[in-house]
Amino acid sequence: YVPDTGPRVRVNQVGYLPAGPKNATIVTEATTPLGWQLKSAAGAVVASGQTTPRGVDAASAQNTHSVDFSAYRTPGSGYTLSADGETSHPFDISTDVWKQLRSDSLQFFYIQRSGIAIDGDLVGAEYARPAGHLGVAPNKGDTDVPCQPGVCDYRLDVRGGWYDAGDHGKYVVNGGIATYQLLNAFERTKTAATGGGGAALGDGTLRLPERANQVPDILDEARWELEFLLRMQVPAGKPLAGMAHHKIHDRNWTGLPLQPEDDPELRELHPPSTAATLNLAATAAQCARLYAPYDAAFATRCRTAATTAYAAAKANPTRYADPQDGNGGGSYSDGDVSDEFYWAAAELYLSTGTQSYLDDLTASPHHTDDGVFAPNGFGWGSTAALGRLDLATVPSGLPVLDRDRLRASVVSGADGYLTTAQTQAYGLPMPGNPGSYFWGANSNIINNAVVLATAFDLTGVARYRDAAVQAMDYIFGRNALNQSYVTGWGENASENQHSRIFGNQYDESLPNPPAGSIAGGANASLDDPLAEELLEGCAPQFCYVDDIASYSTNEVAVNWNSALAWIASFLADQGGA
Ligand code: 9MR
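Residues numbered from 1 in each chain as written. Predicted model: local features only at pLDDT ≥ 70, side-chain atom pairs only at ≥ 80, totals over all residues.

(A) Structural detail: the overall build of the protein chain. In terms of regular secondary structure, the protein chain is built from 14 helices and 17 strands. Since a compact globule built from 577 residues should have a radius of gyration of about 25 Å, the 23 Å found for the protein chain is in line with a globular shape. Referenced to the eigenvectors of the C-alpha coordinate spread, the extents of the protein chain come out at roughly 75 × 60 × 45 Å. In the protein chain, which comprises 577 residues, the share counted as buried stands at 57%. Within the protein chain, counting contacts between residues at least 6 apart in sequence, those at least 24 apart form 69% of the total. (Helix = DSSP H or I, 4+ residues; strand = E, 2+ residues; numbered from the N terminus. Rg over C-alpha atoms; globule rule 2.2 N^0.38 Å. Buried ≥ 20, exposed ≤ 12 C-beta atoms within 10 Å, placed from the backbone. Contact = placed C-beta atoms within 7 Å.)

(B) Representation of the packing of helix 10 (residues 400–423) against helix 12 (residues 462–475). Orientation of helix 10 relative to helix 12, taken along the N-to-C sense of each, is 55°, at an axis distance of 10 Å. Of the possible angle classes, the one that applies to helix 10 and helix 12 is oblique. Like other packed secondary-structure pairs, helix 10 and helix 12 cross with a definite hand, here left-handed. Facing A414, Y417, L418 and A421 of helix 10, the residues of helix 12 in contact are R463, Y464, A467, Q470 and A471. Grouping the amino acids of the contact of helix 10 with helix 12 by side-chain chemistry returns seven nonpolar, one polar and one charged. (Axes fitted to C-alpha atoms, helices over the stretch in contact; angles between N-to-C directions. Parallel < 35°, antiparallel > 145°, perpendicular 65-115°, else oblique. Left-handed = near helix turned anticlockwise from the far one by under 90°. Nonpolar A, V, L, I, M, F, W, Y, C, P; charged D, E, K, R; others polar.)

(C) Structural context of unusual backbone geometry. In this model, L256 is joined to P257 through a cis peptide bond whose omega is -15°. Positive phi outside glycine occurs at H133, with the angle close to 55°. Relative to the helices and strands, H133 is located in the loop between helix 2 (120–123) and strand 11 (145–146). According to the C-beta neighbour criterion, H133 is buried, with 26 such atoms within 10 Å. Positioned with a positive phi, L526 is a non-glycine residue whose angle comes to about 45°. Take L526: it is sitting in the loop between helix 12 and helix 13 (529–535). Since 19 C-beta atoms lie within 10 Å of it, L526 is described here as partly exposed.

(D) Representation of helix 10 in the model. With 24 residues, helix 10 extends 35 Å between its outermost C-alpha atoms, agreeing within 8% with the 34 Å of an ideal straight helix rising 1.5 Å per residue. Among all positions of helix 10, only L406, S409, V410, G413, A414, Y417 and A421 are buried. The inward-facing, buried residues of helix 10 abut helix 9 (384–393), helix 11 (441–459) and helix 12. (Expected span 1.5 Å × (residues − 1).)

(E) Local environment of the sheet that holds strand 1 (residues 9–10). Spatially, four strands are ordered 1-3-7-6 in an open sheet, and the strand pairing comes out antiparallel. At either end of the open sheet lies a strand with only one pairing partner, and these are strand 1 and strand 6 (52–56). Alignment of strand 1 against strand 3 (residues 23–27), held across two bridges, turns out to be antiparallel. Following the sheet pairing, V9 is matched in strand 3 by I26. (Pairing = 2+ DSSP bridges.)

(F) Quick look at the site of the ligand. Near the ligand the following residues occur: D164, A165, G166, D167, G169, G330, S331, W439, G440, Y551, E555 and A557. Residues of the shell around the ligand, tallied by class, amount to four nonpolar, five polar and three charged. Built from parts of two domains, the shell around the ligand gets at least three residues from each of domain 1 (1–95 + 426–577) and domain 2 (99–398). (Near = placed C-beta within 6 Å. Domains from an automatic or database assignment.)

(G) Highlighting the confidence of the model for the protein chain. Per-residue confidence for the protein chain gives a mean pLDDT of 97; residues scoring 70 or more make up 100%. Interface confidence for the predicted complex, given as ipTM, is 0.99, next to a pTM of 0.99. (pLDDT = per-residue confidence, 0-100.)

(H) Structural view of the domain arrangement of the protein chain. Splitting the protein chain by domain gives domain 1 (1–95 + 426–577) and domain 2 (99–398). Computed from C-alpha atoms alone, the centre-to-centre distance between domain 1 and domain 2 is 29 Å. Contacts between the two partners involve 48 residues from domain 1 and, on the opposite side, 52 residues from domain 2. If you list the elements that add at least two residues to the side of domain 1 that touches domain 2, you get helix 11 and helix 14 (558–572). With 12 residues, helix 14 is the single largest residue contributor to the side of domain 1 that touches domain 2. Class assignment of the residues belonging to the side of domain 1 that touches domain 2 gives a composition of 23 nonpolar, 20 polar and five charged.

(I) Region of the structure containing the packing of helix 1 (residues 99–111) against helix 14. Viewed as axis vectors pointing N to C, helix 1 and helix 14 meet at an angle of 155°, and their least axial separation amounts to 8 Å. Our classification of the angle between helix 1 and helix 14 gives roughly antiparallel. Handedness of the helix 1/helix 14 crossing: left-handed. Between helix 1, through K99, L101, R102, S105, L106, F108 and F109, and helix 14, the contact on the second element is made entirely by V558, N561, L564, A565, A568, S569, L571 and A572. Here the contact of helix 1 with helix 14 is composed, by residue class, of 10 nonpolar, three polar and two charged.

(J) The environment of F108, seen in detail. Within the secondary structure, F108 sits in helix 1. Owing to 25 C-beta atoms within 10 Å, F108 belongs among the buried residues under this scheme. C-alpha of F108 to C-alpha of P513: the two residues are 405 residues apart in sequence and 8.5 Å apart in space. Among all residues touching F108, those that are not within four sequence positions of it are P514, G516, S517 and N561.

(K) Local environment of the nonpolar core. One finds A281, A284, L452 and I567 to be the most contacted residues of the largest nonpolar core, which totals 167 residues. Residues lining this core come from more than one domain, with at least three contributed by each of domain 1 (1–95 + 426–577) and domain 2 (99–398). Apart from residues no more than four positions distant in its own chain, L452 is found in contact with A414, Y417, P429, Y464, A467, A468 and A471. (Core = buried A, V, L, I, M, F, W, Y, C linked by C-beta atoms within 7 Å.)

(L) Geometry of the sheet that holds strand 15 (residues 247–250). Judged by pairing direction, the sheet is antiparallel, and its three strands sit side by side in the order 13-15-16 without closing on themselves. Edge strands, defined here as strands with exactly one partner in the open sheet, are strand 13 (170–171) and strand 16 (267–269). Inspection of the sheet shows strand 13 paired to strand 15 by two bridges, in the antiparallel sense. Bridging across to strand 15, Y171 finds its partner in K247.

(M) Fine view of the pairing of strand 8 (residues 76–83). Where strand 4 (residues 35–39) meets strand 8, four bridges bridge the pair, whose relative direction is antiparallel. Following the sheet pairing, K39 is matched in strand 8 by T80. Inspection of the sheet shows strand 8 paired to strand 10 (residues 91–93) by two bridges, in the antiparallel sense. Opposite Y79, over in strand 10, you have F91 as the bridge partner. In the sheet, strand 8 pairs with strand 9 (residues 86–87) via two bridges, with the strands oriented antiparallel. Bridged to S82 within strand 9 is T87. Adjacent in sequence and paired antiparallel, strand 8 and strand 9 are bridged by two residues, among which D84 carries a positive phi angle near 55°.

Set out below in structure tokens:
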């Protein structure tokens, strides 16, 4: 299998901000500098220079040169970059280049909603579908769900929420980080100098049924999942009351494509877990402070759920999800929840100011750990960074010395990612070894950009913003495969992501994923049969195929799109960068 990687001049296929960094990578045999030319859509040479040879890159096993054309700032569309006899895909230079990505990346969540009909008038007829899992045949729905045999003697109404990814499962731990990132994207606009006070995420900014309810649309979307997370809490009076069930999904795996309303499998609640409980505590605590201006009763409900969940987790600190519990849904198991404890204590402290949460978070090893911003970034199983970022950015009564130390730790984490990016031929803040290209790593790469972006928000130092912006070049095509990983964005973009809903590759009457859907990305572990068959021996950045069968390289997931949505909102705010 030899992928078509197109022109050997690799650019961000979407574009660049006029005042932002503009970098490209050339794949070539040459070892000495080559001439490059930047051309307008009309073919006029508007800038030129010499490439910088970089030798062989570990992540791609390619000999590369780099080009920095940041000095050219004139807005326009249809630019191309030429070198070594090759011409790149076209791209724009514009202050608006990321504006639409903010809403596209968020719109994905509405289309992933469970338990509500998707309205084609809002998002296009091809995405319209009846409500899934709402007590209608053939599946019994999520309104009255039993536990797996032997797990509990009650049934819960756990309707709503988002389908986690390409399957119809709903998992508290990846739903948790996704909810955090949407809420945090909103909170950032309130605290960051470039955030514009949240207007761009306000009511009427998304195509949602709730678009005219006087509540910011991003909060409406996050609430759809929060209501589900709240329903996953074990009721008072039952064993393990206050904890959250880890997940709810089909008893057996189903095939593709399959619309949610056609799912024939029995739905079951899986045992409560400490990790899920702490995800509920953390996100419900965020909810308590962020919804208070819009719906005081909901904010209070969240606060109660958060405090009871946290207390239940402390009383049951080692109930880990079973790594073998993976039939019909992902296991999402995690044998270390000290980071979830830290994150939850941080959110509860930020929302309540209560001393006991401050005591807990201060006593956590993660509070002083310099490794919180690790090279491979954060994700659903590694959440200490979420607490650290919020303690550094959300106004609170945290002692000033402590807060300053935490802010410095974000900046030092960002310095680490800056250094890494400089070592990479494709300029991304991720090391080049196979161990850094794993299932869903595109979201970790973006999460490293989130740390860089937060360092910019905290310091105003442009090199952090520039490195965050440059990280996205990788996602939008400046990579070994010349692949944009976001549907509808860039000349050669992923469109066959693994999904039971967006099954176009198997059934042409079904759509591809909507614009703004990100693929999990290159995964050197080759964790699915198609990847194993096609990609054996791949250099890390080549371990990807835009085929619906390759679920370990090419799935959609809410916790990956939430990373994209966070950074898209940041990027859109940097138009005048
Ligand atoms: O994102 C998850 C990744 O970190 C794990 O390595 C992988 C294997 O356990 O599972 C991923 O999550 C998938 C889940 O298990 C099932 N639904 C689709 C999710 C995204 O691929």
